Amino acid sequence: MDSTIIPIFLYHGGSILEGPNGYTYDGPRPSVIHVNPNITFEQLKSKIFSTMGWSEEMTNVEISARWQAARGGNSHFMLIPIVDNPSLKSVVTNTLEGKIEWSVIELYLESSQKKFGGAGCSANAAEIVEDARASSSSTGSGADLSDSRVVPPVYPLLTMQLTHRSQGLFEGEKLEELFIRQHKLLKWDDRYKQYIQDTGLYGIVQIGSIKVDAALISALVERWRQETHTFHLPVGEMTVTLEDVAILLGLPVNGDPITYSSDENWDQWVKDCLGVSPDEKAWAKKSALSLRWLRDKFGSLPVGASEDTIQCYVRAYLLVLFGSMLFTDLSGDSVSCLYLPLIADLGRVRSYSWASGGLAFLYKELCRASKRNCKQLAGPVFLLQIWAWERLRIGSRKVEKLKPIGKVSPDYLPPLGYKWSTHHTWKIKRGYSLSYYRNKIDMLKDENVAWTPYDTRSTQQVLPPICTNDSGLWMITAPLLHFWIVETYHPERVMRQFGRYQTVPPPTRATIGSLHSSEKRARPRENWIAYHSKYVDEWFKRNDTIMREERAYDLTMYNTVYMKWYRNATIVCFSRHLTPSTDPDSPLSDTQELLLVEPKSRSSSRVAEMALDLARSAAVKMQNATSKECRLFAQEMFEGCKGIFSEVDDPGRLDALLGEKVVALGSVQAADSAEPVETEPQAGVETTPSCPQVDPSRSKSRRKRI
């Protein structure tokens, strides 16, 4: 019996339904573990927590076994709670003895977050809370805002939170906008057109360079999670999918993976592909060409150039396209020679899956940039920019004059991303700050998101066939490859983006740590096809990994099941994790600058912003007041600013925007100042409320700062 291994199916996140034949389960696919029959209840719980990625200190779990009470045509299933060793042993023993029709155990899991301070509070958590209170008391800070600090919850999905960019934000660090790597393309020549149209990369050429909004991109990176390859937004998980790449950029999904051996004689490859021998200025490093050298050598195609010369210039154009837009890296003004074997035969360029390679590169860069101390972002950032404009409708520009497409074959119409091209004339857009976008995302609502923006009913632009030819592969679960990069792809986490039924997703298929940290510079002469042969084989079997979910999206299920799980599994609202500054001369910390989201009118936006700014300042003044008169004056100012905000914006959002600690402080001070002050008015003298004198120069300075 000891040598027997029992498979156990772990079901979580769906619904337990009771029907004529007893209990059934409706939800995502189960996770499978294999255990020894002598496993104890505590060992089983530890195995479950480990498999599901939950914290034993922060999560409660209830376990029930689906048991076959009757067999044959009258099968009936009941649920047996597993709460101790005897109940577990009974299920295991009966399974091994064949008293059910299959030799597996089905367990239904119901998880919930432990409540700190109640009966279910763990000893460790209680000790941490007590230590925090003791530390606060020892400082003698009195009514300091930090006194209300509690133990931060542990979120099951956020296993890398301590090294994540957002953690620095929550701890009060001033995060600057990321530096975005972008370069200019080569000058276009119509003689390139025929060749580049056949490569499957013509859509990017039609879109051209797009000016990236570094503040918006930086705010999105703060929401990117390396654990799931998705953005964790208030409305649920979202990500850039193969559908987005195909529709927006017109890149092919079907094809060979973007990989090759790096153990090559690159001098010879450059000479064969570009028709010139590279000199010392050509090399930015051992296996990367200088983009400046390429611009100098191939900046303008000579008049009367032969077909061979034109093809060399086309290859140079593609190299600059890769190094400037699609596969930009942090090395500076350079492009890897790894792409030369892929574009040597211009007739085979379209046979590669440029969509999956570009998406793998974007995922890799987002995972790297979301780390705490990262300062730069490379890769196809323009794709992320267009994706945000299309789906989140944040920071998008308004076109003033469209550049006509002109006469073109239906096969070579521009992709959807063309509507954001710099070829059009745009209205001048105000530049927004990182804090603006941070708050804009924090207040994102379901109705503001374009979940299926590429529906034919909502897309007026006629798309070329290349955008939709590979639609059957948009929901594969095969790994994405780009030479040294291997990234997992999780359409099951964002089924709503495909208009499909979204349930609680199964545990992530995490990319192996050694692969996630793999860098090209560590293996400069590696044969990546052989090195990643396992994942290359998986890519070639991609048709076998397509998600077969046919059910349509269900709003009720999404809100009642998925969102309930999601809100307990990750950080949804950033503003709840930020701590206001207690410095009386700096009432707003750098991480809490505020611009309002969707005020009643554009003209009221500035008024509401000023009201919130002054309300926060007044709350700090109340805390630091040295006299009752000053505290009363600050309290009146606080309440007045709240009233002004309610007049120009939605009062229901006021407390959330101010922050719980500021609201609580205002409430405490209001209660303290509610006691009437008994005074004896002098006969014939009109009484006036006491208030401190305001320094005119200080008020003028304050007005200028706002």
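What you are looking at is a predicted structure, and each value in this text was computed from that prediction instead of being measured. Each chain has its residues counted from 1, running along the sequence as written. Note on the predicted model: pLDDT of at least 70 is required for a residue's local features to be given, and 80 or more for side-chain atom pairs to be given and counted; whole-chain, interface and lining totals, by contrast, use all residues. Side-chain numbers here rest on the full set of heavy atoms in the structure, without hydrogens or water.

Chemist: Sorry, what's going on with the environment of Ser87 here?
Modeler: Going along the chain from the N terminus, every DSSP run of H or I of four or more residues is numbered as a helix, and every run of E of two or more is numbered as a strand. With respect to the helices, strands and loops of the structure, Ser87 is situated in helix H2 (residues 85-96). Exposure is judged per residue with a 1.4 Å probe applied to protein chains only, and the accessible area is read against the type maximum: over 50% gives exposed, under 20% gives buried, and values in between give partly exposed. Since its relative accessible area comes to 16%, Ser87 is described here as buried. As a C-alpha pair, Ser87 and Phe41 span 46 residues in sequence and 8.8 Å in three-dimensional space. Pairs of residues are marked as contacts when any of their non-hydrogen atoms sit within 4.5 Å. With sequence-adjacent residues up to four places away left out, Ser87 is seen in contact with Pro81 and Ile82.

Chemist: Is there a simple way to explain unusual backbone geometry in this structure?
Modeler: In the Ramachandran plot, His229 falls in the positive-phi region, its phi being about 60 degrees despite a non-glycine side chain. Considering the arrangement of structural elements, one finds His229 in the loop between strand S9 (224-225) and strand S10 (230-233). For His229, a relative accessible area of 2% gives the class buried. Phi angles above zero are rare outside glycine, and Arg393 is one such case at about 55 degrees. Here Arg393 lies in the loop between helix H14 (381-391) and strand S16 (399-401).

Chemist: Is there a simple way to explain the environment of Pro507 in this structure?
Modeler: Residue position: Pro507 is located in the loop between strand S19 (485-487) and helix H16 (513-516). The spacing of Pro507 and Met52 is 455 residues in sequence and 6.0 Å in space, taken between C-alpha atoms. If near-sequence neighbours (up to four positions away) are discounted, Pro507 is found in contact with Ser31, Thr51 and Met52.

Chemist: Is there a simple way to explain the pattern of salt bridges in this structure?
Modeler: When the charged atoms of two side chains with opposite charge come close together, those side chains can pair. What counts as a salt bridge is simple: a side-chain nitrogen of Lys or Arg found within 4 Å of a carboxyl oxygen of Asp or Glu. Evaluated as defined, the whole model comprises 16 salt bridges. Note that Arg191 is salt-bridged to Asp189, the shortest N-O span being 3.1 Å. One salt bridge connects Arg551 with Glu549, and the closest N-O pair in it is separated by 2.9 Å. Judged by its relative accessible area of 32%, Arg551 is partly exposed.

Chemist: Help me understand the packing of helix H7 (residues 214-223) against H14 in this model?
Modeler: Any two packed helices are characterised by the angle at which their axes cross and by the distance between the axes. Orientation of H7 relative to H14, taken along the N-to-C sense of each, is 85 degrees, at an axis distance of 10 Å. On the basis of their axis angle, the class for H7 and H14 is roughly perpendicular. On H14, the residues that touch Leu216, Ile217 and Leu220 of H7 are Val381, Leu384, Gln385, Ala388 and Trp389. Within the contact of H7 with H14, the residues separate by chemical class into seven nonpolar, one polar and no charged. Angles shown run from 0 to 180 degrees and are taken between the N-to-C directions of axes, each axis being a line fitted to C-alpha atoms and, for helices, limited to the stretch in contact. For classification, angles of less than 35 degrees are called roughly parallel, those exceeding 145 degrees roughly antiparallel, those between 65 and 115 degrees roughly perpendicular, and all remaining angles oblique. Under the convention adopted here, Pro, Cys and the residues Ala, Val, Leu, Ile, Met, Phe, Trp and Tyr are nonpolar, Asp, Glu, Lys and Arg are charged, and Gly plus all remaining residues are polar.

Chemist: How do you make sense of helix H9 (residues 266-274) when you look at a structure like this?
Modeler: Given 3.6 residues per helical turn, the α-helix brings residues three or four places apart onto the same face. Within the span of H9, buried status applies to Trp266, Trp269, Val270, Cys273 and Leu274. Taken around the axis of H9, the buried residues stretch over an arc of 100 degrees, which confines them to a single face. Close packing links the buried residues of H9 with strand S12 (283-285), strand S13 (288-290), helix H10 (291-298), helix H11 (307-326) and helix H12 (340-343). The opening residue of H9, the one whose side-chain oxygen lies 3.3 Å from the backbone nitrogen of Asp267, is Asn265. Just beyond H9, the residue with positive phi is Gly275, at close to 80 degrees. The arc in question is the one spanned by the directions pointing from the helix axis to the C-beta atoms. Pairs of N or O atoms within 3.5 Å make up the polar contacts considered here, provided that, within protein, one atom can donate a hydrogen while the other can accept it, and that residues adjacent in sequence are counted only when both atoms are side-chain atoms.

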